Amino acid sequence: MATSRANTKIVVVGGGGTMGSSTALHLVRSGYTPSNITVLDTYPIPSAQSAGNDLNKIMGIRLRNKVDLQLSLEARDMWRNDELFKPFFHNTGRLDCEGTEKGIASLRRQYQDLLDAGVGLEKSNEWLDSEDAILAKMPLLQRDQIKGWKAIFSKDGGWLAAGKAINAIGEELRRKGVRFGFGGAGSFKQPLFGSDGTTCIGVETTDGTKYYADKVVLATGAWSPTLVDLEEQCCSKAWVYAMIQLSPKEAAEYKDSPVVYNGDIGFFFEPNEDGVIKVCDEFPGFTRFKKHQPYGVDQPKRISVPRSHAKHPTDTYPDASEKSIRRAISTFLPQFKNKELFNRALCWCTDTADAALLICEHPKWKNFILATGDSGHTFKLLPIVGKHVVELIEGNLADDLAHAWRWRPGGDALKSRRAAPAKDLADMPGWNHDGDLRKAKL
């Protein structure tokens, strides 16, 4: 196997994001010749349109499906111990709260699932049954804002410096001699096929460059269903965030605070080294349906098409999101409710119907590997998801993972496992400021 690894050429499309960069890293770590690995992306690592290129992401173990436990434990170990990744794990703890009868019942089930997992999670997770218990873990919350709340405190949780972690992978890949293509030379146009018309032998990018390879990995996140036909297995959606600036004194008070999450309100993180707090609301996401023709279909079809903030920097979020973000700040951080918001933005992910990944060989195209379907909870797997993509490439992916991540048309990716189907941005005013940009140029 060592000889074939040394000689195998692989192209990773979307290699500037979470799953693509992880795949490229694990190809190098598995003994593939770096100069035989080509990473393509519209933007350099960390890609400006990757959901993973972010200030921070939540870290913690939550069991959404059968393979979550194994993957979460693997990832936790890597964030703790791998020299490349451990600088970016901030082990502040994670506080998952609910205040409604339905929410509390769901939280109790989550807690019981953690206890029933049989891997010692009862040692790192604590049920908090009162406001006093919650305030003991996060005294900066206001009692009048958390009346009736219950919570799980996970001391092995916290947050991940997301963009910095992907950037570190990029630096490692460059040091090792991996090849790159960015801009038009990194933007996917179509697969290339051999004489049989079904064996993939490379990709062509939008500027006409052709890259030939033994295997191609498409790891393009929310853009995946717009590039190749996935038969409605993935539906791309945007979530929103905004940031507030704290003074050095204010930031010092919140240093090392746990991530606080409430399923009806949203979540926030401790301030970063510049005193910036990111605040998110919680909702089922926004779609952007349009007629669009991905490769593999003979005419345009209705697909949710992401809109890149990197290409449209004046985009913010809908007016309704301003209200829900302000509500989250008033609940979690009421003393800052009058602070100015900045960096209002949409963050695009892609849901599958069952919230499991889509990592498999395309059933019609040999040697064309899909690695997508993040469903908004994959960044924590950055250190290990690429290892499993490499296992798939080599034909030894574990049966349970292969089954969970198989090609599986059908189901409702528009709703996925969320509380309700996503609303469409066409019905949500306030986020598109192209008109403002045109006025500014006049």
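Residues numbered from 1 in each chain as written. Predicted model: local features only at pLDDT ≥ 70, side-chain atom pairs only at ≥ 80, totals over all residues. Heavy atoms only, no water.

1. As for the pairing of strand 13 (residues 215-218)
On a regular strand, each side chain points to the face opposite its neighbour's, so the side chains alternate between the two faces of the sheet. Residues K215 and V217 of strand 13 are buried on one face, and the alternating residues V216 and L218, pointing to the opposite face, are buried as well. Pairing geometry for strand 1 (residues 10-13) and strand 13, over four bridges, is parallel. Residue pairing for strand 13: I10 is matched across the bridge by K215. (Buried < 20%, exposed > 50% of the residue type's maximum accessible area, 1.4 Å probe, protein only. Helix = DSSP H or I, 4+ residues; strand = E, 2+ residues; numbered from the N terminus. Pairing = 2+ DSSP bridges.)

2. Structural notes on the pattern of salt bridges
Note on pairing: side chains with opposite charge can pair once their charged atoms come close. One pass over the full model with this rule turns up 28 salt bridges. Between K301 and D229 there is a salt bridge, and its shortest N-O distance comes to 2.7 Å. Linking K301 in strand 20 (residues 301-304) with D229 in the loop between helix 7 (224-227) and strand 14 (234-245), this pair joins segments that are 72 residues apart in sequence. Shared partners join several salt bridges into a network, and the residues in it are D54, K57 and K278. (Salt bridge = Lys/Arg side-chain N within 4 Å of Asp/Glu carboxyl O.)

3. Quick look at the sheet that holds strand 8 (residues 158-160)
Read across the open sheet, the three strands follow the order 3-8-4; overall the sheet is antiparallel. Taken across any chain shown, the strands that pair with only one partner, and hence form the sheet edges, are strand 3 (57-59) and strand 4 (89-90). Relative to strand 8, strand 3 runs antiparallel, the two sharing three bridges. In the strand pairing of strand 8, M59 is matched with G158.

4. Focus: the nonpolar core
Side chains that are nonpolar tend, in soluble globular proteins, to be buried together. The biggest cluster of nonpolar side chains holds 65 residues, and the ones touching the most others in it are L95 and L333. Of the residues forming this core, the biggest block, six residues, is contributed by strand 14. Within the second largest apolar cluster, 60 residues are counted, among which are L27, M59, W159 and V276. (Core = buried A, V, L, I, M, F, W, Y, C linked by side-chain atoms within 4.5 Å.)

5. Notes on the side chain of D96
Mapping D96 onto the fold places it in strand 5 (residues 94-98). Among the polar contacts made by the side chain of D96, one reaches the side chain of R94 at a distance of 2.7 Å. When residues no more than four places from it in sequence are discounted, the contact partners of D96 are R62, L107, K150, A151, I152 and Y261. (Polar contact = N/O pair within 3.5 Å; in protein donor to acceptor, adjacent residues only side chain to side chain. Contact = heavy atoms within 4.5 Å.)

6. Considering the environment of A328
With respect to the element layout, A328 can be found in helix 9 (residues 319-332). Residue classification places A328 among the buried positions, given a relative accessible area of 0%. Sequence separation of A328 and L128 is 200 residues, and the distance between their C-alpha atoms is 21 Å. Once residues within four sequence positions are removed from consideration, A328 is found in contact with I265, V279, C280 and L333.

7. Some words on the sheet that holds strand 10 (residues 188-193)
Strands pair in a sheet through their backbones, by hydrogen bonds, and they do so in one of two ways: parallel or antiparallel. An order of 10-11-12 is seen for the three strands of this open sheet, with the pairing classed as antiparallel. Only two strands of the sheet have a single partner each, and these edge strands are strand 10 and strand 12 (210-212). Taken over all neighbouring pairs, the strand axes of this sheet differ in orientation by 25° on average, direction set aside. By the bridge criterion, three bridges tie strand 11 (residues 200-205) to strand 12 in an arrangement that is antiparallel. Directly across from E204, in strand 12, lies its bridge partner K210. (Axes fitted to C-alpha atoms, helices over the stretch in contact; angles between N-to-C directions.)

8. Overview of helix 4 (residues 101-116)
Under the 1.5 Å per step criterion, the end-to-end length of helix 4 is 23 Å for 16 residues, consistent within 8% with the ideal 22 Å. The set of residues buried in helix 4 consists of G103, I104, L107, Y111 and L114. Projected onto a plane normal to the axis of helix 4, the buried residues spread over an arc of 95° and lie on a single side. For helix 4, the exposed residues set more than 90 degrees away from the buried face come down to E101, K102, R109 and D116. Packed against the buried residues of helix 4 are strand 5, strand 6 (125-128) and strand 7 (150-154). (Expected span 1.5 Å × (residues − 1). Arc of directions from axis to C-beta.)

9. Comments concerning the pairing of strand 14
Of all twelve residues making up strand 14, eleven are buried, and the element is well covered by its neighbours. Here nine bridges tie strand 14 to strand 21 (residues 342-352), and the two strands are oriented antiparallel to one another. Looking at strand 21, one finds that C235 is bridged to D351. Strand direction decides the pairing type here: strand 14 and strand 17 (residues 276-281), joined by five bridges, are antiparallel. Bridge pairing in strand 17 places Q245 opposite V276.

10. Things to note about the state of the cysteines
Throughout the structure, instances matching the rule amount to zero disulfides. Not part of a disulfide, C200 finds its nearest cysteine sulfur in C360, a span of 14 Å. Here C347 stays free of any disulfide, with the sulfur of C349 as its closest cysteine sulfur at 4.7 Å. Here C347 falls in the buried class, since its relative accessible area comes to 13%. (Disulfide = S-S within 2.5 Å.)

11. Quick look at helix 2 (residues 18-29)
Taking 1.5 Å per residue, twelve residues should reach 16 Å; helix 2 reaches 17 Å between its end C-alpha atoms and fits that length. The buried count for helix 2 comes to eleven of twelve residues, which makes it a mostly enclosed element. All buried positions along helix 2 are accounted for by T18, M19, G20, S21, S22, T23, A24, L25, H26, L27 and V28. Positive phi shows up at G31, right after helix 2, with a value of about 105°.

12. Some points on the packing of helix 2 against helix 6 (residues 162-176)
For the pair helix 2 and helix 6, the least separation of the axes is 10 Å and the interaxial angle reads 35°. Crossing angle aside, the handedness with which helix 2 passes helix 6 is left-handed. On helix 6, the residues touching T18, S21, S22, A24, L25 and V28 of helix 2 are I166, I169, E172, L173 and K176. The residue makeup of the contact of helix 2 with helix 6, split by class, is six nonpolar, three polar and two charged. (Left-handed = near helix turned anticlockwise from the far one by under 90°. Nonpolar A, V, L, I, M, F, W, Y, C, P; charged D, E, K, R; others polar.)

13. Topic: unusual backbone geometry
The omega angle of the peptide bond from I45 to P46 is -5°, so this bond is cis rather than trans. Looking at the secondary structure, you find P46 in the loop between strand 2 (37-40) and strand 3. In the Ramachandran plot, E232 falls in the positive-phi region, its phi being about 60° despite a non-glycine side chain. Tracing the backbone shows E232 in the loop between helix 7 and strand 14.

Note that every value here comes from positions in space, so none of it alone points to a role or purpose.
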